[in-house]
Amino acid sequence: MSNEQQSKWQPKKRLSRIAMNQLRDLYAMSPEHYDIPALSEKFTISQEAVRRILKSKFIPTHEIAQRQEENRYKAMGERQKSFRKPSRDNKNDSSKLTKNRNHNSNNDHYKKR
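Thresholds, definitions, all that
- Residues numbered from 1 in each chain as written.
- Predicted model: local features only at pLDDT ≥ 70, side-chain atom pairs only at ≥ 80, totals over all residues.
- Heavy atoms only, no water.
- Buried < 20%, exposed > 50% of the residue type's maximum accessible area, 1.4 Å probe, protein only.
- Helix = DSSP H or I, 4+ residues; strand = E, 2+ residues; numbered from the N terminus.
- Arc of directions from axis to C-beta.
- Contact = heavy atoms within 4.5 Å.
- Phe/Tyr/Trp six-rings, centres within 6.5 Å; stacked < 30°, edge-to-face > 60°.
- Lys NZ or Arg CZ within 6 Å of the ring centre and 35° of its normal.
- Expected span 1.5 Å × (residues − 1).
- pLDDT = per-residue confidence, 0-100.
- Core = buried A, V, L, I, M, F, W, Y, C linked by side-chain atoms within 4.5 Å.
- Axes fitted to C-alpha atoms, helices over the stretch in contact; angles between N-to-C directions.
- Left-handed = near helix turned anticlockwise from the far one by under 90°.
- Nonpolar A, V, L, I, M, F, W, Y, C, P; charged D, E, K, R; others polar.

1. Thoughts on helix H4 (residues 47-55)
Then step 1. Of all the residues in H4, the buried ones are Ala 49, Val 50, Ile 53 and Leu 54. Each buried residue of H4 sits inside an arc of 130° when the element is viewed along its axis, so together they form one side.
Then step 2. Those residues of H4 hidden inside the fold are in contact with helix H2 (17-29) and helix H3 (36-43).

Following this line, the structure appears as structure tokens:
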């Protein structure tokens, strides 16, 4: 592995620009109460990610912020589509299970002993 690949930061979870601003605001309001471990737990990100967000002074231009939001919504839409698509096998199997479940429950439920 080259040095460039080792040093590249790739967090497991990314925060939205709004969440990053909230994190910075909380830290600015009360650094003793909202320290790095507390913010890490609150936003469910690593302490290294919190350190990097607090250290960063980057403020995107309007165009960059708009492009980032468009990319984020596009990615969200793609993820949602993948969750909504049932496979053909699963659809057929679930309909069979529902029919069997209803048939068995009707018989068992109304039996008198």
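2. Side note on the packing of aromatic side chains
Then step 1. Overall, the coordinates contain zero aromatic pairs when judged by the stated rule.
Then step 2. Lying across the ring of Tyr 73, Arg 72 places its NZ or CZ 5.0 Å from the centre.

3. Re H2
Then step 1. In this model, H2 (13 residues) spans 18 Å end to end at C-alpha, consistent with the 18 Å of a helix rising 1.5 Å per residue.
Then step 2. Ala 19, Met 20, Leu 23, Arg 24 and Leu 26 are the residues of H2 that are buried. Viewed along the axis of H2, the buried residues span an arc of 160°, placing them on a single side of the element. When the buried face of H2 is taken as reference, the exposed residues oriented beyond 90 degrees from it are Ile 18, Ala 28 and Met 29.
Then step 3. Contacts made by the buried residues of H2 are with H3 and H4.

4. Digging into the confidence of the model for the chain
Then step 1. Model confidence for the chain is summarised by a mean pLDDT of 78, while 69% of its residues fall at 70 or above.
Then step 2. At the level of individual helices and strands, the chain shows its lowest average pLDDT in helix H6 (residues 88-109), which scores 52, and its highest in H3, which scores 96.

5. Quick word on unusual backbone geometry
Then step 1. Of note, Thr 44 is a non-glycine position whose phi angle comes to about 50°, a positive value.
Then step 2. Structurally, Thr 44 is set in the loop between H3 and H4.

6. Concerning the nonpolar core
Then step 1. With 12 residues, the main nonpolar core is built from Leu 15, Ala 19, Met 20, Leu 23, Leu 26, Leu 39, Phe 43, Ile 45, Ala 49, Val 50, Ile 53 and Leu 54.
Then step 2. Among the secondary structure elements, those contributing two or more residues to this core are H2, H3 and H4.

7. Let's talk about the packing of H2 against H3
Then step 1. One way to put it is that H2 packs onto H3 with a least axis distance of 11 Å and a crossing angle of 150°. Considering the relative orientation of H2 and H3, their crossing is right-handed. In this structure, H2 uses Ala 19, Gln 22, Leu 23, Leu 26 and Tyr 27 to contact H3, whose residues at the interface are Leu 39, Lys 42 and Phe 43.
Then step 2. Looking at the contact of H2 with H3 residue by residue, the classes come out as six nonpolar, one polar and one charged.

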